[in-house]
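# Breakdown of the fold
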Amino acid sequence: MSQAKVAVIICSWAAGEDMVFDPKALADHAAALPGVARAGVVHRICTEPGEEEAVAFLKESGADRSVVAACSPRTKGALHARIAERAGLDRFAIEAVDVREGAAYVHAPGPALEKAKTSVAMAVEKMMLWAPPPQRILEPSSRRVAVVGDGLSAVLAARELLDQGLEVDMLLSEEHLWKPPRCLFIDDSEAGRAMRAMASVPERARVLRSRAVRCCDGEPGRLELVTEGPGGPSVETYGAVVLAPEPDLELRDLRGEAVSAADAQGRGARSVIVLPGGKSSGTGCSCITPRGMVFALEALRLYPDMRLSLLGREVRALGGMESLQRQAQSAGVMFYRLDGEPVLEGSPPSKVSFLDPLLGRTELEADLFLVDSVSVPRAERLARAFGLPQDEKGELLSIESRLRPGETVRAGVFACRHRVGNMVLEDLEREAATVAARAGELLRGETVLGGMVAEVDQERCSACLSCVRICPYSAPRIGARGKAEVLLERCQGCGACAPLCPSQAIKMHLCSDAQLDAQIGIVTRRPS
Amino acid sequence: MKVIGFVCEHGGAAAFTLAGERRFPLPSEVTLIALPCLGRLGAVHILRAFREGAAAVFVAGCLEGNCHHLYGNLEAGKRVEQARRILAQVGMDGRRLEIFHLSSDQAWKAREMAEEMVRRARELGPSPLEARA
Ligand code: SF4
Ligand code: SF4
């Protein structure tokens, strides 16, 4: 085996725009470290010219692995993998260290440079022990995608997939699509846009009605969906599955019944208070949302004498939604801020008391109380059918909603989770587009599995089942040889199995025991 | 004097990144080692850090019940207890080791943790194992 060689790239912005230390000094230090083939400064690695420079630098260095010292790497994984691949390295052969937020921004100049040197030395030492991790490109067997859902979310996801040229089966659990609630739409043109999609998209897809998903087997890229319906059970193979459970976004009364503006009038309500969902709801959101404002505006348009008050800890009006808030305010909708939970009094309740940070303890009377919350009904059923863990609120667990949106813990199964933005039409559309894009990637053969995953040394494993029991994602199983093996497509690289293995048979790739020991060794090394 | 912080990517490391973005001054004695999740941490890693001469070690991950990987943070709690028992046997003060739970937006807490552990390390002095290392 040839000697490992590390190339070290210092981003010119590693020390921040105010140059807390000289990146060149850091590069010179790195160049002298054992194992380093070349070290240098690249001008702003996250820009296009910076990327080109980094690729050229790596190619010329003759190194087979690299360390990049820059700002926080949390959102840069894809960039680093691309740079590595373009330079002919393994896509997992770059270790990023944060010397800006981790050093330049938090220490005085002298100690900041010292800390940056330590961090780079730790990363170099770690990379010296690097070995290519298990990895595999997912090869889909079919260009057909199943969209599981009953409403607008499913329609929007199906549309995005169809627009990518994929074939789509829409699996409805009932005979017909659910009608979206009016409070999703800021105005009539939005409502029209949604209705047109509801009418036209199902015509372009194959719609399977009244089908309940029983289970999902097979490999990612080749998922076998077992469903049950009027024609009996059936099994179909899909390249990917998109779960688009319809969120419940309607304003509901205290008994949980959905209430429209017309319903409120029908019940003789002269004064309506909309309360935030708070901890009891799926979102745990204590905000006044655009849905509450849309409801209030609609009610005032139809019944100008109605009194409408919205309560919440803050106003959720992201993006262009401030204009909606202004519109509601000038129409006479009252906004109240509250600290803590509101308390309802009377039975049936006729009064709410709460702490307004400006007005102090405040009481308001109303004859109808509504709750604004977001929840995803039937998430449990989906979780069971697809073998997905649920989060603390009972909804489908996401791995990393910001960095890996749309992914579930099961490769090849994607999901809309309805936790983003204002939760009005625009957000449903955006989420559907994101999830469909991720599914499309897989079907184009661009999804790479592996990297930071656990691997079992079959010789050492004593089949004690510790890893099988602890893994949150059911990734390890006892294989044909009677030893544990980790399924690449299920392992999320959390590492929980490794310290528990009594036979020390589990290697965590990209974060091995040897690598951790090496890092500890560098930190505690006394200056020579 | 060296303080090592084992931090999970989603809670601890993210909170320290935010502290950096806010430019909170942090004690430079603290060096972080990032883990995918606190579940990755074994008692052996904590003990090694001490054996190599760290004056204090902390472990920082997601809030209880809010672990990114469901219960890795609770697993780490058991590892910390295990390590503490062994440290007690060799006569090390248990205050040199601590586990913290925080969310990624609690930059202030990251700073407090780092300062607290440096304070303890100063108070307790260099690791009794450092001389032997
Ligand atoms: S690393 Fe985590 S996800 Fe992977 S097999 Fe081990 S416990 Fe399961
Ligand atoms: S914990 Fe280790 S010994 Fe036990 S089954 Fe898993 S790999 Fe095998």
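None of the values given here were measured: they were computed from a predicted structure.

The rules behind the values
- Residues numbered from 1 in each chain as written.
- Chains lettered and ligands numbered in written order.
- Predicted model: local features only at pLDDT ≥ 70, side-chain atom pairs only at ≥ 80, totals over all residues.
- Heavy atoms only, no water.
- Helix = DSSP H or I, 4+ residues; strand = E, 2+ residues; numbered from the N terminus.
- Buried < 20%, exposed > 50% of the residue type's maximum accessible area, 1.4 Å probe, protein only.
- Contact = heavy atoms within 4.5 Å.
- Areas by Shrake-Rupley, 256 points an atom, 1.4 Å probe, with all protein chains shown as cover.
- Lys, Arg positive; Asp, Glu negative; His and termini not counted.
- Charge placed at Lys NZ, Arg CZ, Asp CG, Glu CD.
- 1 Å grid on protein atoms, 1.4 Å probe; cavity = no way out; pocket = protein on both sides within 12 Å on 5 of 7 lines; lining within 4 Å.
- Points joined across faces, edges and corners; volume = space filled by probe spheres on them.
- Nonpolar A, V, L, I, M, F, W, Y, C, P; charged D, E, K, R; others polar.
- Pairing = 2+ DSSP bridges.
- Right-handed = clockwise from strand over helix to strand, strands pointing away.
- Near = heavy atom within 4 Å.
- pLDDT = per-residue confidence, 0-100.
- Buried area = accessible area lost by both parts, 1.4 Å probe.
- Salt bridge = Lys/Arg side-chain N within 4 Å of Asp/Glu carboxyl O.
- Polar contact = N/O pair within 3.5 Å; in protein donor to acceptor, adjacent residues only side chain to side chain.

Our focus in this paragraph is the overall build of chain A. Looking only at helices and strands, chain A has 14 helices and 26 strands in total. Projected onto its principal axes, the C-alpha coordinates of chain A cover approximately 80 × 60 × 45 Å. For chain A, the residues scored as buried account for 54% of the 528 residues in total. For chain A, the proportion of contacts with a sequence separation of at least 24, taken over those separated by at least 6, is 69%. Accessible area for chain A stands at about 22800 Å²; split by element, carbon and sulfur atoms hold 49% of it. In chain A, which carries 64 positive and 71 negative side-chain charges, the distance between the mean positions of the two groups comes to 2 Å.

What follows deals with the environment of A:Pro233. Residues and elements named next belong to chain A. When you line up the elements, proline 233 lands in strand S11 (residues 232–238). Taking relative accessible area as the criterion, proline 233 reaches 63% and is therefore assigned exposed. With 21 residues separating them in the primary sequence, proline 233 and alanine 212 have C-alpha atoms 9.3 Å apart.

The next thing to look at is empty space enclosed by the protein. All names here are of chain A. Applying the stated rule across the entire model yields eight cavities of 30 Å³ or more. In this structure, the largest cavity occupies an estimated 260 Å³ of space. Val148, Asp150, Ser173, Arg378 and Leu382 are, among the 18 residues lining the largest cavity, the residues nearest its centre. Put simply, the parts of the chain that give the lining of the largest cavity at least two residues each are strand S9 (212–219) and helix H11 (379–386). Partitioning the lining of the largest cavity into residue classes produces ten nonpolar, two polar and six charged.

Take the pairing of strand S4 (residues 97–101) of chain B next. Residues and elements named next belong to chain B. Taken across its five residues, S4 has five buried, putting it largely inside the fold. Side chains Leu97, Ile99 and His101 project from S4 onto one buried face, and the interleaved Glu98 and Phe100 project onto a second face that is buried too. For strand S3 (residues 56–61) and S4, the ladder comprises five bridges, and the chain directions are parallel. Counted as the bridge partner of glycine 61 is histidine 101 from S4. Handedness of the β-α-β unit built from S3, helix H3 (residues 72–89) and S4 comes out right-handed.

On to the site of ligand 1, then. A:Cys471, A:Cys491, A:Cys494, A:Gly495 and A:Cys497 are the nearest of the 15 residues found near ligand 1. In terms of residue class, the shell around ligand 1 is made up of twelve nonpolar, three polar and no charged.

Here we take up the confidence of the model for chain B. For chain B, mean pLDDT is 93; residues scoring 70 or higher make up 97% of the total. Taken together, the chains of this predicted complex give a pTM of 0.79 and an interface ipTM of 0.97.

Here the focus is the site of ligand 2. Around ligand 2, a shell composed of A:Val456, A:Cys461, A:Ser462, A:Ala463, A:Cys464, A:Leu465, A:Ser466, A:Cys467, A:Ala484, A:Cys501, A:Ser503 and A:Ile506 is seen. Of the residues contributing to the shell around ligand 2, the split by class is nine nonpolar, three polar and no charged.

Right, let's talk about the interface of chain B and chain A for a bit. Listed by partner, the interface residues are 44 residues for chain B and 44 residues for chain A. Carbon and sulfur atoms supply 58% of the area that chain B and chain A bury against each other, a total of about 3500 Å² over both sides. A per-residue breakdown of the area chain B buries against chain A is headed by B:Arg23, B:Arg40 and B:His69, which together make up 19% of the total. Put simply, B:Arg23 and A:Glu17 hold a salt bridge, and the shortest N to O gap is 3.9 Å. Where chain B packs against chain A, one counts twelve residue pairs in polar contact (both at pLDDT 80 or more). The set of elements that each furnish at least two residues to the side of chain B that touches chain A consists of strand S1 (3–8), helix H1 (12–21), strand S2 (30–35), helix H2 (43–51) and H3 of chain B. The greatest single-element share of the side of chain B that touches chain A, amounting to six residues, is contributed by H1(B). Split by residue class, the side of chain B that touches chain A holds 21 nonpolar, 13 polar and ten charged.

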